[in-house]
Amino acid sequence: MPRSISRFRRSTTIITLVAGVGLASTGCSLTPDPPPGRQVNYARPFPAGLEQTEQVDVQVQRDSTEITFTNTTATSFPPATMWLNRRFSRPVPSLGVGETITLKLRDFVDENNERFRAGGFFATDLPADLVLAQLETVRNDQVALVGFVVVNGSGVEQ
């Protein structure tokens, strides 16, 4: 009987050790970001000289680490680039009349591939506030910047 207990303890110790090394090598992250050297192909600086041409009644609602918006206008938008705080961007699909889109804030990057600080339960930094949401799109055969209305842009739960 003592030998079987000793083998059991040795087996559980080895299993625990292997599991610990496995977790340590992954960084204990549940939703890992791509490695630092890996860059997204849509990272770019905010377009110089591009000014907002209009404000439309599309509300961008922040819900912790995501944003959701519904096209409540009578106009569809083709595939475009969404800009947050005139720094972070990501491509968005076309937005039809009445259509709703939900996007993860961590998918927005700046020209240096730095991600928007979305916050969340496992975040190590304070979340960034969302103060400005704009859509870089084509209107009347010209590149235009269309402003959306930001609702609940604070990253801190209240």
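Residues numbered from 1 in each chain as written. Predicted model: local features only at pLDDT ≥ 70, side-chain atom pairs only at ≥ 80, totals over all residues. Heavy atoms only, no water.

**Considerations on the overall build of the protein chain**
Move 1: The helix and strand tally for the protein chain stands at one helix and seven strands.
Move 2: Along the protein chain, helices (α) and strands (β) appear in the sequence α-β-β-β-β-β-β-β when read from the amino end.
Move 3: The burial tally for the protein chain puts 30% of its 158 residues in the buried class.
Move 4: Long-range pairs, those at least 24 residues apart, make up 62% of the contacts in the protein chain between residues at least 6 apart in sequence. (Helix = DSSP H or I, 4+ residues; strand = E, 2+ residues; numbered from the N terminus. Buried < 20%, exposed > 50% of the residue type's maximum accessible area, 1.4 Å probe, protein only. Contact = heavy atoms within 4.5 Å.)

**Quick notes on unusual backbone geometry**
Move 1: Notably, Asn85 is not glycine yet its phi reads approximately 55°, a positive angle.
Move 2: Considering the arrangement of structural elements, one finds Asn85 in the loop between β3 (80–84) and β4 (88–92).
Move 3: Overall, Asn85 belongs to the partly exposed group, its relative accessible area being 22%.
Move 4: In this structure, Arg86 is a non-glycine residue whose phi angle is positive, near 55°.
Move 5: By the element assignment, Arg86 lies in the loop between β3 and β4.

**Concerning the pattern of salt bridges**
Move 1: A full pass over the atoms with the stated rule returns six salt bridges.
Move 2: Its salt-bridge partner being Lys104, residue Glu66 comes within 3.5 Å of it at the nearest N-O pair. Residue Glu66 is found in strand β2 (residues 66–70), and its partner Lys104 is found in strand β5 (residues 100–104); the two are separated by 38 residues along the sequence.
Move 3: Accessibility expressed as a relative area gives 26% for Glu66, which makes it partly exposed.
Move 4: A relative accessible area of 35% means that Lys104 is categorised as partly exposed.
Move 5: A salt bridge links Glu114 to Arg87, with the shortest nitrogen-to-oxygen separation between them at 3.2 Å. Remark: Arg87 occurs in the loop between β3 and β4 and Glu114 occurs in the loop between β5 and β6 (133–139); sequence separation between them is 27 residues.
Move 6: If you follow the salt bridges from partner to partner, you end up with Arg87, Asp110 and Glu114 in one network. (Salt bridge = Lys/Arg side-chain N within 4 Å of Asp/Glu carboxyl O.)

**A closer look at the environment of Gly98**
Move 1: Structurally, Gly98 can be placed in the loop between β4 and β5.
Move 2: Here the alpha-carbon distance between Gly98 and Thr72, two residues 26 residues apart in the chain, equals 5.6 Å.
Move 3: Apart from the residues lying within four places of it in its own chain, the contact partners of Gly98 are Thr70 and Asn71.

**A look at the packing of aromatic side chains**
Move 1: Evaluation of the coordinates by the stated rule reveals four aromatic pairs.
Move 2: With a centroid separation of 5.3 Å and an interplanar angle of 80°, the aromatic rings of Phe88 and Phe116 are classed as edge-to-face. Of this pair, Phe88 sits in strand β4 while Phe116 sits in the loop between β5 and β6, placing them 28 residues apart in sequence.
Move 3: An aromatic cluster of at least three residues, connected via ring pairs, comprises Phe69, Phe77 and Phe148. (Phe/Tyr/Trp six-rings, centres within 6.5 Å; stacked < 30°, edge-to-face > 60°.)

**A short note on the confidence of the model for the protein chain**
Move 1: Averaged over all residues, the pLDDT of the protein chain equals 81, while 73% of them reach at least 70.
Move 2: The low-confidence segment residues 21–34, where pLDDT is below 50, has six contacts with residues more than four positions distant or belonging to other chains. (pLDDT = per-residue confidence, 0-100.)

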